[in-house]
Amino acid sequence: MAVIFPSWTNKLPHAIGVGLPVVALAAIAGVWYFFSPEFTDVGYRPKQPIAYSHKVHAGDLGLDCRFCHNTIERGFYAAVPPAETCMLCHTTVRKERPTLTPLRLAFKQDKPIKWVRVHMLPDYAFFNHRVHLAAGVGCISCHGRVDTMDVVEQKKSLSMGFCLDCHRNPTPNLRPVSQITNMRWDAKIANYDPKTDPHRKRTVEPPLHCSGCHR
Ligand code: HEC
Ligand code: HEC
Ligand code: HEC
Ligand code: HEC
Ligand code: HEC
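Since the structure is predicted, the reported quantities are computational estimates derived from the model, not experimental observations. (Residues numbered from 1 in each chain as written. Chains lettered and ligands numbered in written order. Predicted model: local features only at pLDDT ≥ 70, side-chain atom pairs only at ≥ 80, totals over all residues. Heavy atoms only, no water.)

K.L.:
Help me understand the site of ligand 4 in this model?
P.N.:
The full set close to ligand 4 counts 22 residues, and His132, Cys163, Cys166, His167 and Glu205 are the nearest of them. In this structure, arginine 202 approaches ligand 4 through a side-chain N or O atom, which is 2.7 Å from an oxygen atom. Between ligand 4 and arginine 215, the relevant distance is 3.3 Å, taken from an oxygen atom to a side-chain nitrogen or oxygen of the residue. Within the residue set of the shell around ligand 4, elements represented by two or more residues are helix 7 (129-134), helix 8 (139-143), helix 9 (160-168) and helix 11 (210-213). The dominant element in the shell around ligand 4, judged by the number of residues it contributes, is helix 9, at four residues. (Near = heavy atom within 4 Å. Polar contact = N/O pair within 3.5 Å; in protein donor to acceptor, adjacent residues only side chain to side chain. Helix = DSSP H or I, 4+ residues; strand = E, 2+ residues; numbered from the N terminus.)

Written as structure tokens, this is what we have:
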């Protein structure tokens with residue numbers, strides 16, 4: 001009888017079964033190793049095209065984060081504002097300043113300002129601002145005291161361990177939804193307990209299973 005499948009092929013399904021996940025994991029680990037340092041490092045603080053300061057605008061002037069990051073509660077991305085938003089004030093405020101020349105140019109030529117991305121997860125991890133904000137997790141939990149930063153810098157690792165630490169025990173990180181952008185809010189001073197918050201209709205259940213964040 002002609003041998004169509006030599007006997008070694010009997011082991012093939014097994015080899016594929018074991019081999020594929022190993023290859024997949026190696027690929028993920030490779031992507032993680034080669035692409036992450038620049039983006040996942042705590043302290044990453046790129047130079048921006050305009051010396052815009054959160055300390056001045058969100059701290060001293062007290063502008064709410066959502067004045068500029070106005071899509072954050074609706075979409076996936078926390079849009080960084082276009083020049084028009086800045087020009088609401090800077091057509092009159094400090095308009096002669098050379099520090100604002102790139103802003104005026106971008107506005108006049110209708111070109112986007114080339115802000116450098118600070119925080120960035122790898123593509124294989126899923127993240128959505130909206131869900132977190134609706135559950136009452138404040139910006140400060142993941143970005144630190146942005147209102148004191150002249151230049152935005154990454155304060156938390158945004159690693160899988162960082163996400164899971166909170167997902168396992170979210171309660172200490174919850175606040176009233178009305179306070180999510182308030183950088184001075186303190187659970188102890190406010191004597192806040194999510195369980196007695198009348199605005200909370202349900203208990204939050206952040207995903208712990210792999211496919212919750214790797215879809
Ligand atoms: C007047 C407009 C304005 C306000 C108000 C503002 N931001 Fe920003 N934000 C910007 C601009 C412009 C950038 C991009 C340049 C930069 O990174 O500094 C930015 C960038 C950021 C980044 C980094 C984004 C990235 O690339 O990863 C974070 C985080 C952030 N803002 C959080 C906040 C928080 C939290 C508040 C409220 C306390 C706030 N912002 C208030 C305009 C604003
Ligand atoms: C609500 C009004 C308002 C908005 C909106 C606003 N600014 Fe300002 N900005 C100010 C004021 C007021 C100052 C001066 C603050 C001070 O010096 O104490 C200032 C100062 C600055 C300075 C420093 C100018 C200098 O040399 O003294 C820069 C740069 C700047 N803003 C950029 C931006 C950018 C970029 C945006 C949009 C992302 C923006 N601003 C949005 C009000 C605003
Ligand atoms: C639970 C953690 C968490 C909270 C809370 C959070 N952020 Fe973020 N933020 C992130 C992560 C993670 C990224 C990177 C997202 C990516 O790469 O897809 C990010 C990115 C950003 C960016 C860059 C643009 C973007 O969407 O990727 C801005 C701006 C920003 N956040 C502002 C804010 C502001 C303002 C708040 C509060 C209203 C806030 N964030 C609350 C984790 C958080
Ligand atoms: C400080 C606490 C905290 C941190 C840090 C945090 N999360 Fe969450 N996460 C939550 C809470 C609370 C929910 C909402 C659960 C609910 O509404 O039942 C949530 C929900 C989610 C969901 C479910 C959203 C959906 O659409 O189903 C995903 C995915 C998620 N988080 C991913 C991440 C990732 C990725 C990170 C790290 C970059 C992260 N989270 C960091 C608290 C946190
Ligand atoms: C709460 C969200 C979340 C959950 C749940 C989660 N991951 Fe992740 N995972 C992440 C994030 C975010 C990263 C990217 C970390 C970075 O940029 O350093 C990551 C990275 C990884 C990596 C790349 C290597 C590494 O450690 O950074 C692997 C492999 C991985 N996850 C596997 C898993 C497996 C298997 C599970 C289920 C047991 C799981 N993840 C559950 C958020 C999550």
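More follows now that the structure is in view.
K.L.:
Teacher, can you tell me more about the coordination of the iron atom of ligand 4 here?
P.N.:
Ideal values for angles at a metal depend on the geometry: 109.5 degrees with four tetrahedral donors, 90 or 180 degrees with six octahedral donors. Around the iron atom of ligand 4, the protein contributes the donor atoms His132 (NE2) and His167 (NE2), which lie 2.0 Å from the metal centre. Coordination at the iron atom of ligand 4 comes from six donor atoms whose angles at the metal span 87 to 180°, giving a geometry best classed as octahedral. Taken together, the positions of histidine 132 in helix 7 and histidine 167 in helix 9 put the pair 35 residues apart, joining distant regions of the chain. (Donors = N, O, S within 2.8 Å, 3.2 Å for Na, K, Ca; no water. Tetrahedral: all angles 85-135°; square planar, octahedral: opposite > 155°, others 65-115°.)

K.L.:
How do you make sense of the coordination of the iron atom of ligand 2 when you look at a structure like this?
P.N.:
Taken together, His57 (NE2) and His90 (NE2) make up the protein donors of the iron atom of ligand 2, found 1.9 to 2.0 Å from the metal. What the six donor atoms of the iron atom of ligand 2 show is an angle range of 87 to 179° at the metal, which sorts the shape as octahedral. Here the residue histidine 57 occupies a position in helix 3 (residues 54-60), and histidine 90 occupies one in helix 5 (residues 83-90), the gap between them amounting to 33 residues. Pair check on accessibility: histidine 57 and histidine 90 agree, each one buried. (Buried < 20%, exposed > 50% of the residue type's maximum accessible area, 1.4 Å probe, protein only.)

K.L.:
Help me out: how do you make sense of the pattern of salt bridges in this one?
P.N.:
Any two side chains of opposite charge can pair if their charged atoms end up close together. Summed over all chains, the structure comprises seven salt bridges. Of the charged contacts, one joins glutamate 153 and lysine 155 as a salt bridge, the two residues approaching to 3.6 Å between their closest N and O atoms. In this structure, arginine 200 engages aspartate 197 in a salt bridge whose closest nitrogen and oxygen atoms are separated by 3.9 Å. Each member of the pair, arginine 200 as well as aspartate 197, is classed as buried. What you see here is one network of salt bridges that share partners, running through Arg45, Glu153 and Lys155. (Salt bridge = Lys/Arg side-chain N within 4 Å of Asp/Glu carboxyl O.)

K.L.:
What exactly am I supposed to notice about the packing of helix 5 against helix 6 (residues 101-109) here?
P.N.:
The angle between the axes and the distance between the axes are what describe a pair of packed helices. Contact geometry for helix 5 and helix 6: axes closest at 10 Å, N-to-C directions at 115°. For the element pair helix 5 and helix 6, the recorded crossing hand is left-handed. Of helix 6, the residues touching helix 5 (which contributes Ala83, Glu84, Cys86, Met87 and His90) are Leu103, Arg104 and Phe107. By residue class, the composition of the contact of helix 5 with helix 6 is five nonpolar, one polar and two charged. (Axes fitted to C-alpha atoms, helices over the stretch in contact; angles between N-to-C directions. Left-handed = near helix turned anticlockwise from the far one by under 90°. Contact = heavy atoms within 4.5 Å. Nonpolar A, V, L, I, M, F, W, Y, C, P; charged D, E, K, R; others polar.)

K.L.:
Teacher, can you tell me more about the environment of arginine 117 here?
P.N.:
Counting through the fold element by element, arginine 117 comes out in the loop between helix 6 and helix 7. Exposure remark for arginine 117: the relative accessible area of 44% places this residue in the partly exposed category. Among all residues touching arginine 117, those that are not within four sequence positions of it are Tyr44 and Pro46. Within polar-contact distance, the side chain of arginine 117 engages the backbone oxygen of histidine 119 at 3.0 Å.

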